[in-house]
Amino acid sequence: MRVRRSLPAVIGALALGLGMSLTSSASASPAAIQNPCGFYETHTDAYYNHCTSDGSKILIEIDDWGPNTIKCVGPGVTWIDEASDVDGAWYIGRTC
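The notes below deal with the structure included here. Quick caveat: nothing in here was measured; it's all calculated off a predicted structure. (Residues numbered from 1 in each chain as written. Predicted model: local features only at pLDDT ≥ 70, side-chain atom pairs only at ≥ 80, totals over all residues. Heavy atoms only, no water.)

### Description of the packing of aromatic side chains
Definition in use: For Phe, Tyr and Trp, where Trp contributes only its six-membered ring, two rings pair if their centres lie within 6.5 Å, and the inter-plane angle classes them as stacked under 30 degrees, edge-to-face over 60, or tilted in between. Any residue under 20% of the maximum accessible area for its type is buried, any over 50% is exposed, and the rest in between are partly exposed; the area is computed with a 1.4 Å probe on protein chains only.
Summed over the entire model, instances satisfying the criterion amount to one aromatic pair. Judged by centre distance (5.4 Å) and plane angle (20 degrees), the rings of tyrosine 40 and tyrosine 47 are stacked. On the basis of relative accessibility, which here comes to 19%, the residue tyrosine 47 falls in the buried class.

Structure representation (structure tokens):
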């Protein structure tokens, strides 16, 4: 009789634990929301976040006033310019 009574409790505990672990892994970290990979803007500034763990530096093309410019960026967040002066930035497929 003890096995029959404890089996539903064990199954319920496993289901609860599995559900909680799936919920916590599905939510994005606050850092990823604030600093997404690639180009992003705030109300005032434009940034490029090179998300890498290998320490590489890459070339990005910046769509700004006049001819586009090329800039070398390292890992992490790089300030590009004021948001009103930049329309976008993207990786051009080369390292620097």
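Picking up after the structure, the text goes on.
### Some remarks on the sheet that holds strand S1 (residues 38-41)
For clarity, the cut-off: When DSSP finds two or more bridges between two strands, those strands count as paired. Strands are runs of DSSP state E lasting at least two residues, helices are runs of H or I lasting at least four, and both sets are numbered from the N terminus onward. For helices, the fitted line uses only the C-alpha atoms of the stretch in contact; every axis is such a line through C-alpha atoms, and the angle between N-to-C directions lies from 0 to 180 degrees.
Spatially, three strands are ordered S1-S2-S5 in an open sheet, and the strand pairing comes out antiparallel. Strands with a single pairing partner mark the edges of an open sheet, and in this sheet they are S1 and strand S5 (76-82). Within this sheet the neighbouring strands show an average axis-to-axis angle of 25 degrees, counted without direction.

### Details of the state of the cysteines
How we decide: When two cysteine sulfur atoms are found within 2.5 Å, that pair is recorded as a disulfide.
All chains considered together, the criterion is met by two disulfides. Each sulfur of the disulfide joining cysteine 37 and cysteine 51 lies 2.0 Å from the other. Disulfide cysteine 37-cysteine 51: torsion about the S-S bond near -110 degrees, hence left-handed. With cysteine 37 in the loop between helix H2 (30-34) and S1 and cysteine 51 in the loop between strand S2 (45-50) and strand S3 (58-64), this pair connects stretches of sequence that are 14 residues apart. Cysteine 51 sits in the partly exposed class, given a relative accessible area of 40%. Here cysteine 72 is linked by a disulfide to cysteine 96, with a sulfur-sulfur distance of 1.9 Å. Disulfide cysteine 72 to cysteine 96: torsion about the S-S bond roughly 70 degrees, handedness right-handed. A residue pair is termed long-range when its members are at least 10 positions apart, and cysteine 72 in strand S4 (residues 69-73) and cysteine 96 in the segment after strand S6 (86-95) qualify at 24 residues. With its bonded cysteines labelled in order along the sequence, the protein shows the pairing 1-2, 3-4.

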